[in-house]
There are 2 protein chains.
Amino acid sequence: MSDYLKETTLGTKSIFKGRIIDVEIQDVRLPDGKESKREIVHHPGAVAVIAFTSDGKLILVKQYRKALEKAIAEIPAGKLEKGEDPLECAKRELEEETGVVAGSWSKLHSFYTSPGFANEIVYIYLAEGLSHGIESTDEDEFVERIDVTMEEAEEMIASGEIHDAKTIYAIQYWKLENLKASEEQK
Amino acid sequence: MSDYLKETTLGTKSIFKGRIIDVEIQDVRLPDGKESKREIVHHPGAVAVIAFTSDGKLILVKQYRKALEKAIAEIPAGKLEKGEDPLECAKRELEEETGVVAGSWSKLHSFYTSPGFANEIVYIYLAEGLSHGIESTDEDEFVERIDVTMEEAEEMIASGEIHDAKTIYAIQYWKLENLKASEEQK
């Protein structure tokens, strides 16, 4: 689709190869023939998991985010290892971060988080039929599990304690499911 | 909140200062006293606008995203200029990208797109009471406006033509509003 919008790469300069991200500058030809530069961040991609407790709370993990210089509460998530299947990653991260395993998994959506400069994609799964696994937090990762009601989640959005795209997506998903369920009961 | 999760900065090394993003590596002290490194991308932040036509379609703009090497359709959006008020930015971007101006504006949410490595925040506005403005596309920006029904939006999610966090958020918002409206009619 939309080939007339395409930007062609004229050259690429590697700026940084990190543990998690790579950064490069691309010289590009724009659709009108002019040239420009694009700053691009390569990221391995990530998964995130929507999971509810048996009493209907959403499972979140609180974690310090150095880029934001604050701790926020997010749905369980983690980066893909090289070549890792997103579903396997989701299972691993849910157990590592929350201590639970799920009996059934379904993929809800995937989305790019910041298409203007980064190729990070997040695969979102719904995990159902939860039971206790073997908790084993990642080294280098300090997280605290909190289970919240919808009312608590709304308060945390208002206060900025919930403040990232995937978690706000998850809460919208939750509201939609609740509304659909109340429709069906009528 | 959660001071026991805090990571303390021990040192910062600037890697790159670009036109849009800055990249740095931080040496940090973890909550258990160990040291680690964080790769951080600084971004000026952005706005995005949910706007519906008078016949109830969602306004999208198709645009080539070099980081993804494909064109996707997104809700109108753009980066904040230095010191710019997000609402003013939203008004500017909506008119530049779609040729419309709005009579009323409300802020719906803000969210960090990639808290694991970037401080990019997106402010989401609802624009209502649309009328024609003076279209004036940004230099360096090639966008095509398309107005879509909910059914078309769903097909575009399935095909990957809609594939970013803020636009999938917008479509969830749309579904929620539709469900609420149909509830109220009962």
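Just so it is clear, the structure is predicted and the values come from calculations on it, not from any experiment.

K.L.:
Hey, could you run me through the relation of the copies chain A and chain B in this one?
P.N.:
Relating the two copies of this chain is a rotation about some axis coupled with a shift parallel to it. The transform that puts chain A on chain B rotates by 180° and translates by 0.0 Å along the axis, for an RMSD of 0.0 Å. Such a combination of rotation and displacement between the chain copies is what one expects of a two-fold axis. Considering only C-alpha atoms, the part of chain A nearest the rotation axis is A:Thr113, at 2.7 Å. Comparing contact sets, 100% of the residues at the interface of chain A also lie at the interface in chain B, consistent with an isologous, same-surface contact.

K.L.:
For this particular structure, what's the right way to read the interface of chain A and chain B?
P.N.:
In many reports, interface size means the accessible area that the parts give up when they come together. In this assembly, 76 residues from chain A lie in contact with 76 residues from chain B. Both faces considered, chain A and chain B share a buried interface measuring about 6,600 Å² in area, 64% of it formed by carbon and sulfur atoms. Our count for the contact surface shared by chain A and chain B stands at 27 residue pairs in polar contact (both at pLDDT 80 or more). If you list the elements that add at least two residues to the side of chain A that touches chain B, you get strand 1 (8–17), strand 2 (22–29), strand 3 (35–42), strand 5 (58–65), strand 6 (70–74), strand 8 (100–112), strand 10 (143–148) and helix 3 (165–184) of chain A. Broken down by element, the residue count for the side of chain A that touches chain B peaks at 12 residues, all from helix 3 of chain A. Split by residue class, the side of chain A that touches chain B holds 34 nonpolar, 17 polar and 25 charged.

K.L.:
I keep staring at the sheet that holds strand 1 (residues 8–17) of chain B and nothing clicks. Help me out?
P.N.:
Sheets are built from strands paired through backbone hydrogen bonds, the pairs being either parallel or antiparallel. Residue and element names in this part refer to chain B. The strand order across the open sheet formed by three strands is 1-2-3, and the pairing between neighbours is antiparallel. Pairing within the sheet leaves two strands with one partner each, and these edge strands are strand 1 and strand 3 (35–42). Along the sheet, successive strands turn relative to each other by an average axial angle of 20°, direction set aside. In this structure, strand 2 (residues 22–29) lies alongside strand 3, joined through eight bridges in antiparallel fashion. What sits directly across from Val 28, in strand 3, is Ser 36.

K.L.:
Please clarify how the packing of aromatic side chains should be interpreted in this entry.
P.N.:
Each aromatic ring pair is characterised by the separation of its centres together with the angle its planes make. Residues and elements named next belong to chain B. The full count for this structure, using the stated rule, is six aromatic pairs over all chains. A ring pair is formed by Trp 105 and Tyr 125, whose centres lie 6.3 Å apart and whose planes are at 75°; its orientation type is edge-to-face. Taken as a pair, Trp 105 in strand 8 (residues 100–112) and Tyr 125 in strand 9 (residues 121–132) lie far apart in primary sequence, 20 residues in all. Take Tyr 125: its relative accessible area is 7%, and that puts it in the buried class.

K.L.:
What exactly am I supposed to notice about the nonpolar core here?
P.N.:
Membership of the largest hydrophobic core comes to 52 residues, with the highest contact counts inside it found for A:Ile50, A:Leu60, A:Ile162, B:Ile50, B:Leu60 and B:Ile162. Setting aside its immediate chain neighbours within four residues, A:Ile162 contacts A:Leu60, A:Ala73, A:Ala153, A:Met156, A:Ile157, A:Thr167, A:Ile168 and A:Ile171. A:Ile21, A:Val23, A:Phe117 and B:Ile25 belong to the second-largest nonpolar core, a separate cluster that totals 14 residues.

K.L.:
I'm lost on the sheet that holds strand 8 of chain B in this one. Help?
P.N.:
All names here are of chain B. Strand order in the open sheet formed by four strands is 7-4-9-8, and the pairing between neighbours is mixed. Edge strands, defined here as strands with exactly one partner in the open sheet, are strand 7 (77–79) and strand 8. For this sheet the average axis-to-axis angle between neighbouring strands, irrespective of direction, equals 25°. Across six bridges, the pairing between strand 4 (residues 46–51) and strand 9 is parallel.

K.L.:
What is the right way to look at the side chain of B:Gln172 in this model?
P.N.:
Assignment of secondary structure puts B:Gln172 in helix 3 (residues 165–184). Not counting residues within four places of it along the chain, the set of residues in contact with B:Gln172 comprises A:Tyr169, A:Gln172, A:Tyr173 and A:Leu176.

K.L.:
I'm lost on the confidence of the model for chain A in this one. Help?
P.N.:
Where the model shows low pLDDT, its predicted coordinates should not be examined in detail. Averaged over every residue, the pLDDT of chain A is 94; residues scoring 70 or more account for 95%. Reported for the predicted complex are a pTM of 0.95 and an ipTM of 0.94.

K.L.:
In this structure, what is going on with the pattern of salt bridges? I would like to understand it.
P.N.:
Any two side chains of opposite charge can pair if their charged atoms end up close together. Residue and element names in this part refer to chain A. Evaluation of the coordinates by the stated rule reveals 33 salt bridges over all chains. Salt-bridge contacts for Glu 84 lead to Arg 92; the nearest nitrogen and oxygen are separated by 2.7 Å. For Arg 92, the salt bridge is made with Glu 96, and the minimal N-O distance between the two is 3.9 Å. Of this pair, Arg 92 and Glu 96 both sit in helix 1 (residues 86–98), four residues apart, which is roughly one turn of that helix. Judged by relative accessible area, which is 21%, Arg 92 ranks as partly exposed. A single network of salt bridges, built from pairs that share partners, joins Glu 81, Glu 84, Arg 92, Glu 93 and Glu 96.

K.L.:
What am I meant to see in the packing of helix 2 (residues 150–159) of chain A against helix 3 of chain A here?
P.N.:
How two helices pack is summed up by the angle between their axes together with the distance between the axes. Residue and element names in this part refer to chain A. Where helix 2 meets helix 3, the closest approach of the two axes is 11 Å, and the angle between their N-to-C directions is 145°. The handedness of the crossing between helix 2 and helix 3 is left-handed. Residue-level contacts link Met 150, Ala 153, Glu 154 and Ile 157 of helix 2 to Ile 168, Ile 171, Trp 174, Lys 175 and Asn 178 of helix 3. Class assignment for the residues of the contact of helix 2 with helix 3 results in six nonpolar, one polar and two charged.

K.L.:
When you look at the side chain of B:Glu84 in this model, what are you seeing that I'm missing?
P.N.:
Residues and elements named next belong to chain B. Take Glu 84: it is sitting in the loop between strand 7 and helix 1 (86–98). Engagement of the side chain of Glu 84 in a polar contact is seen with the backbone nitrogen of Glu 81, the distance being 2.9 Å. Apart from residues no more than four positions distant in its own chain, Glu 84 is found in contact with Lys 79, Cys 89 and Arg 92.

K.L.:
Help me understand the environment of A:Arg145 in this model?
P.N.:
All names here are of chain A. Mapped onto the fold, Arg 145 is located in strand 10. Each C-alpha atom of the pair Arg 145 and Lys 62 lies 6.3 Å from the other, and the pair is 83 residues apart in sequence. In contact with Arg 145, other than residues within four places in its own chain, are Thr 53, Ile 59, Leu 60, Val 61, Glu 97, Thr 98 and Val 100. Among the polar contacts made by the side chain of Arg 145, one reaches the main-chain carbonyl oxygen of Thr 98 at a distance of 3.0 Å.

What counts and how
- Residues numbered from 1 in each chain as written.
- Chains lettered and ligands numbered in written order.
- Predicted model: local features only at pLDDT ≥ 70, side-chain atom pairs only at ≥ 80, totals over all residues.
- Heavy atoms only, no water.
- Least-squares fit on C-alpha atoms with pLDDT ≥ 70 in both.
- Contact = heavy atoms within 4.5 Å.
- Buried area = accessible area lost by both parts, 1.4 Å probe.
- Polar contact = N/O pair within 3.5 Å; in protein donor to acceptor, adjacent residues only side chain to side chain.
- Helix = DSSP H or I, 4+ residues; strand = E, 2+ residues; numbered from the N terminus.
- Nonpolar A, V, L, I, M, F, W, Y, C, P; charged D, E, K, R; others polar.
- Pairing = 2+ DSSP bridges.
- Axes fitted to C-alpha atoms, helices over the stretch in contact; angles between N-to-C directions.
- Phe/Tyr/Trp six-rings, centres within 6.5 Å; stacked < 30°, edge-to-face > 60°.
- Buried < 20%, exposed > 50% of the residue type's maximum accessible area, 1.4 Å probe, protein only.
- Core = buried A, V, L, I, M, F, W, Y, C linked by side-chain atoms within 4.5 Å.
- pLDDT = per-residue confidence, 0-100.
- Salt bridge = Lys/Arg side-chain N within 4 Å of Asp/Glu carboxyl O.
- Left-handed = near helix turned anticlockwise from the far one by under 90°.

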